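Each chain is listed here by its residues.
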Amino acid sequence: MAIQGPQAGQQQIEQTIPRTVTIDGPSAAGKSSVGYRIAQRLGYDFLDTGAMYRAVTWLALERGIDPDDDEEALAKLAADVEFEIGLPPLGEDESSILLEGRDLTPYLRQAVVERAVSLVSRVPAVRYEMVEMQRRLAAKGPLVITGRDIGTVVLPKADLKIYLDASPEERARRRYQELVAARREITQEEVLAEIHRRDRIDQSRSTSPLRPADDAIIINTDGFTLDQVVERILDLIRAER
Ligand code: DC
């Protein structure tokens, strides 16, 4: 898609590079790993919106707010919270989150957060606040942004929309390997059950349910390596130029 040159009177240069690449998809489809690598290759900023929902969830739990039953408190928390979102820490691919100078990043993948985050992110007022923040960040410059509703709701006019999918079994296998590497005691069956549970909540919530945008390119990553998926998306980007 074309982006017009900025100044009237200047020779209009048509850049056909996508300024915004959105990557949506279910949990553990590899969005952050793929998205961050693409951002690095393009020299773009990177925003993993799941980290924002995780940060609100962690904060809610810390403050004793029931993620399943206190919409009002969750809404107030999301409206008041002012965190800074940064690039992933070295060797990681999920965005880092600072709250009043405190680094929340190490807590965002905790099991308690994993269990509660779908509940918190289905609250419409929480989503409203996160979407506003995401749009402000996206206005700053070229960006690769990952999430569930980016192509459908947050940035419906984005230049290039990818929907990364994989079977629940494949996603469970990948997530299980990550968790074992992080020394979490869990079975692959438990990981699969959790993936099914989160899919159910993410797809059936009334506000911005998980689904591909009509103009998204759907990539099923079953059987492909991370590098292969990254190259495939970079090929799509090159084809847009
Ligand atoms: O991508 P992730 O697993 O880090 O996302 C964590 C949770 O946040 C997930 O259960 C759904 C929610 N989420 C969302 O509802 N909308 C987004 N744009 C990103 C994440």
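Residues numbered from 1 in each chain as written. Predicted model: local features only at pLDDT ≥ 70, side-chain atom pairs only at ≥ 80, totals over all residues. Heavy atoms only, no water.

(A) Here's a closer look at the environment of serine 96. Counting through the fold element by element, serine 96 comes out in strand E4 (residues 96-99). Serine 96 gets classed as buried once you look at its relative accessible area, which sits at 16%. Every residue in contact with serine 96, bar those within four places of it in the chain, is listed here: Glu84, Ile85, Gly86, Leu87, Pro88, Pro89 and Thr105. A distance of 2.8 Å separates a polar atom in the side chain of serine 96 from the backbone oxygen of leucine 87. (Helix = DSSP H or I, 4+ residues; strand = E, 2+ residues; numbered from the N terminus. Buried < 20%, exposed > 50% of the residue type's maximum accessible area, 1.4 Å probe, protein only. Contact = heavy atoms within 4.5 Å. Polar contact = N/O pair within 3.5 Å; in protein donor to acceptor, adjacent residues only side chain to side chain.)

(B) Just empty space enclosed by the protein, in detail. This structure, assessed with the given rule, holds 1 cavity of 30 Å³ or more. When its volume is computed, the largest cavity comes out at roughly 30 Å³. Lining the largest cavity, in full, are Thr22, Asp24, Gly151, Thr152, Lys161, Ile162, Tyr163, Arg211, Pro212, Ala213 and Ala216. Split by residue class, the lining of the largest cavity holds 5 nonpolar, 3 polar and 3 charged. (1 Å grid on protein atoms, 1.4 Å probe; cavity = no way out; pocket = protein on both sides within 12 Å on 5 of 7 lines; lining within 4 Å. Points joined across faces, edges and corners; volume = space filled by probe spheres on them. Nonpolar A, V, L, I, M, F, W, Y, C, P; charged D, E, K, R; others polar.)

(C) Examining the site of the ligand more closely. Near the ligand, the surroundings consist of 17 residues, among which Arg54, Arg127, Arg148, Arg198 and Arg205 are the closest. For the ligand, an oxygen atom lies 3.0 Å from a polar atom in the side chain of serine 118. A distance of 2.9 Å separates an oxygen atom of the ligand from a polar atom in the side chain of arginine 148. Considered on its own, the ligand offers 450 Å² of accessible surface; in the complex 98% of this is hidden by protein. Applying the majority rule of atoms within 2 Å of the grid points places the ligand in the largest pocket. Elements with a minimum of two residues in the shell around the ligand: helix H2 (49-62), helix H4 (111-120) and helix H8 (188-204). Top contributing element to the shell around the ligand by residue count: H2, with 4 residues. (Near = heavy atom within 4 Å. Areas by Shrake-Rupley, 256 points an atom, 1.4 Å probe, with all protein chains shown as cover. Sits in = over half its atoms within 2 Å of the grid points.)

(D) View of the side chain of serine 27. Structurally, serine 27 is set in the loop between strand E1 (20-24) and helix H1 (31-42). On the basis of relative accessible area, serine 27 is assigned to the buried category, the value being 4%.

(E) Representation of the packing of aromatic side chains within the structure. A full pass over the atoms with the stated rule returns 2 aromatic pairs. Centroid distance tryptophan 58 to tyrosine 107: 4.9 Å. Interplanar angle 10 degrees. Geometry classified as stacked. In this pair, tryptophan 58 is assigned in helix H2 and tyrosine 107 in the loop between strand E5 (102-103) and H4, connecting sequence segments 49 residues apart. The buried category is assigned to tryptophan 58, whose relative accessible area is 9%. Judged by relative accessible area, tyrosine 107 falls into the partly exposed class, the value being 30%. (Phe/Tyr/Trp six-rings, centres within 6.5 Å; stacked < 30°, edge-to-face > 60°.)

(F) Structural view of the pairing of strand E7 (residues 160-165). Burial within E7 is extensive, with 5 of its 6 residues counted as buried. Bridge analysis of E1 against E7 gives 4 bridges, and the strand direction is parallel. By the bridge assignment, valine 21 is partnered in E7 with leucine 160. (Pairing = 2+ DSSP bridges.)

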